[in-house]
Amino acid sequence: MEQLDHQSWESRVVSKMVRRSLTQACQEMSLLRATQSHSRVVPRLSVAPMLDWTDRHFRYMARLLTKKTHLYTEMVADNALLRGKPVAVRRFGCGEEPASVQLGGSVPATLGAAAKLCVDMGYKEINLNVGCPSSKGQDNCLYGVVLMRNPQLVSDCMSAICDSVPQEIPCTVKCRLGVDDDESYEQLCRFIHTVHTGTRGRVWHFIIHARKAILDLNLSPKQNRNIPPLKYDIVYKLVKEFPHLKFTLNGGVKSLKEAKEHLRSGVHGVMIGRAAYKHPLQILANADREIFGIQSPHLTREDILAKYIEYMEEEICRSPEERSLISNIVKPAIQLFSGVPKVALFRQVLEAERKKGKGVRQMFDVALQIFHDNGERKSPAQASQ
């Protein structure tokens, strides 16, 4: 009898082990299916989300220059978006696609609601800011790289985002290599693993700014973009460490030549920041041909400016409040003349004409007179040489 009881106990133990193994196997299979259910297409080139820079006006002009480069909004706090701000994010369209929205926040429910709203507006990707070197955001919203100290919270936030949007919408994370002393490779791998598995495989694309953030010394965001050293080799290593995931490299990339070198090193995508904004003719106008292997739009600088002036006039007519913010809408157009002699004077004349109350077309008509036109019309690619 005692022997039978022992055999029965062994049978129950074995049965539990089998069930546990099957459950674990089912969970792993579910995770694998979730990962494979997406097309897993990662943009080979994208422009980083930058506050006060990558607004909808810049994105409109960028799309005149490149049809394939992926664009991101400025970061928007989740609770601000739910209260109806900023209006600019709500005005998605105007041929911006492909474009993604970057959210900032740390409350899962609020992020989920904001993500759903963004998808309803037409955005095709939701990105969470876990890389901005700031411990506070607008409206006392916690966001940015400080969240890397709490991988489980990031996982919970991303789970809420994923559960709020359709399966086909990519949900991604932009982060750094670490923060302050929490910068070991093991900690970074643990962060990625926690977020990926915690979302049941829905998060499979990580955009890595290839330097850590320093918060303890109260460095400014600008200093955090320059003082911590870049460590591209760690991003390359992550690609091999997690072959089932996708990685985009960000940080310090200043040219398409550098972007192509990183792509050849194995990363799935490259994200360019301020260089793309400051030198759109050198980078964005050549991106389709050099990165994506398709023909770039054949537009001269004058053609692009003419189209953008039409856009500015339509925006001001549609939204009278843009008149008071005319310097914001003009700012991207000035970058078309980056590197051109007398560009500083050109900027001063534009500002002087704005203060006189002139319309954007009149402003540019006057300001453009300072350039000596030799009659030669150059394409953006030629103008960048």
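Residues numbered from 1 in each chain as written. Predicted model: local features only at pLDDT ≥ 70, side-chain atom pairs only at ≥ 80, totals over all residues. Heavy atoms only, no water.

Chemist: Before we move on, can you summarise the sheet that holds strand S6 (residues 205–209) with the specific residues and values?
Modeler: Sheet strands pair by backbone hydrogen bonding; their relative direction is either parallel or antiparallel. An order of S1-S8-S7-S6-S5-S4-S3-S2 is seen for the 8 strands of this open sheet, with the pairing classed as parallel. Only two strands of the sheet have a single neighbouring strand rather than two, namely strand S1 (45–47) and strand S2 (71–77). Direction aside, the axes of adjacent strands within the sheet are offset by 25° on average. Pairing geometry for S2 and strand S3 (residues 99–104), over 5 bridges, is parallel. Opposite Val 76, over in S3, you have Leu 103 as the bridge partner. Sheet strands touched by helix H2 (residues 56–65): S1 and S2. Its angle to S2, the strand with the most contacts, is close to 170°. Where helix H5 (residues 108–121) meets the sheet, its contacts fall on S3 and strand S4 (126–130), and the angle it forms with S3 comes to roughly 160°. (Pairing = 2+ DSSP bridges. Helix = DSSP H or I, 4+ residues; strand = E, 2+ residues; numbered from the N terminus. Axes fitted to C-alpha atoms, helices over the stretch in contact; angles between N-to-C directions. Contact = heavy atoms within 4.5 Å.)

Chemist: Before we move on, can you summarise the side chain of Glu 353 with the specific residues and values?
Modeler: Inspection of the secondary structure puts Glu 353 in helix H15 (residues 343–355). Separated by 2.9 Å, the side chains of Glu 353 and Lys 358 make a polar contact. Discounting chain neighbours no more than four positions away, the residues touching Glu 353 are Lys 358, Met 363 and Val 366. (Polar contact = N/O pair within 3.5 Å; in protein donor to acceptor, adjacent residues only side chain to side chain.)

Chemist: Explain unusual backbone geometry to me, and be specific about the residues and the numbers.
Modeler: One non-glycine residue, Asp 180, lies in positive phi territory at about 50°. With respect to the secondary-structure elements, Asp 180 resides in the loop between strand S5 (171–176) and helix H7 (185–198). The residue Lys 342 is not glycine, and still its phi comes out positive at about 75°. With respect to the secondary-structure elements, Lys 342 resides in the loop between helix H14 (326–334) and H15.

Chemist: Mind laying out the packing of H5 against helix H6 (residues 151–164), listing which residues take part and the relevant values?
Modeler: In contact at an axis separation of 8 Å, H5 and H6 are set at 35° when each is read in the N-to-C sense. Every pair of crossing elements has a handedness; the one defined by H5 and H6 is right-handed. Here H5 contributes Pro 108, Leu 111, Gly 112, Ala 113, Ala 115 and Lys 116 to the contact with H6, which in turn contributes Asp 156, Cys 157, Ala 160, Ile 161 and Ser 164. Grouping the constituent residues of the contact of H5 with H6 by class yields 7 nonpolar, 2 polar and 2 charged. (Left-handed = near helix turned anticlockwise from the far one by under 90°. Nonpolar A, V, L, I, M, F, W, Y, C, P; charged D, E, K, R; others polar.)

Chemist: Outline the confidence of the model for the protein chain, supporting the account with residue identities and numerical values.
Modeler: Overall, the predicted model of the protein chain reaches an average pLDDT of 86, with 80% of residues at or above 70. Confidence over residues 1–6 falls short of pLDDT 50; this stretch has 0 contacts with residues more than four positions distant or in other chains. Contacts of residues 374–385 to residues separated by more than four positions or lying in other chains number 23 contacts, the stretch itself having pLDDT below 50. (pLDDT = per-residue confidence, 0-100.)

Chemist: Please provide a residue-by-residue account of the nonpolar core, values included.
Modeler: Counting residues in each nonpolar core, the largest one holds 109 residues, and the members touching the most others are Leu 103, Ile 126, Ile 272 and Val 330. In terms of residues, this core owes the most to one element, helix H13 (residues 301–318), which gives 7 residues. (Core = buried A, V, L, I, M, F, W, Y, C linked by side-chain atoms within 4.5 Å. Buried < 20%, exposed > 50% of the residue type's maximum accessible area, 1.4 Å probe, protein only.)

Chemist: Give a description of the environment of Met 363 that names residues and reports values.
Modeler: Topologically, Met 363 is positioned in helix H16 (residues 360–367). Along the chain, Met 363 and Glu 351 lie 12 residues apart, while their C-alpha atoms are 8.2 Å from each other. Not counting the four nearest positions on each side in its chain, Met 363 is found in contact with Ile 326, Val 330, Leu 350, Glu 353, Arg 354 and Lys 358.

Chemist: Now, about the pattern of salt bridges: what can you tell me, with residues and values included?
Modeler: Counted under the stated rule, the structure contains 14 salt bridges. Here Asp 182 ties to Arg 149 by a salt bridge, and the two come within 3.8 Å at their closest N and O atoms. With Asp 182 in the loop between S5 and H7 and Arg 149 in the loop between S4 and H6, the pair connects residues that are 33 residues apart, well separated along the chain. Among the residues examined, Asp 182 registers a relative accessible area of 34% and is labelled partly exposed. Here Glu 351 makes a salt bridge to Arg 354, at a shortest N to O gap of 2.6 Å. Highlighted residues: Glu 351 and Arg 354, both in helix H15, separated by 3 residues, approximately one helical turn. Take Arg 354: its relative accessible area is 27%, and that puts it in the partly exposed class. Within this structure, Arg 149, Asp 180, Asp 182 and Asp 216 form a network of salt bridges that share partners. (Salt bridge = Lys/Arg side-chain N within 4 Å of Asp/Glu carboxyl O.)

Chemist: Any chance you could break down H6 for me, citing the residues and the numbers?
Modeler: The terminal C-alpha atoms of H6, which comprises 14 residues, lie 20 Å apart, in line with the 20 Å expected from a rise of 1.5 Å per residue. Those residues of H6 lying buried are Val 154, Ser 155, Cys 157, Met 158, Ser 159, Ala 160, Ile 161 and Cys 162. The inward-facing, buried residues of H6 abut H5, S4, S5 and H7. (Expected span 1.5 Å × (residues − 1).)

Chemist: Give me the lowdown on the packing of H14 against H15, citing residues and values where you can.
Modeler: At a minimum axis distance of 12 Å, the contact between H14 and H15 shows a crossing angle of 155°. By the angle between their axes, H14 is roughly antiparallel relative to H15. Between H14 and H15 lies a crossing of right-handed hand. In this structure, H14 uses Ile 326, Ser 327, Val 330 and Ile 334 to contact H15, whose residues at the interface are Arg 347, Leu 350 and Arg 354. The residue makeup of the contact of H14 with H15, split by class, is 4 nonpolar, 1 polar and 2 charged. (Parallel < 35°, antiparallel > 145°, perpendicular 65-115°, else oblique.)

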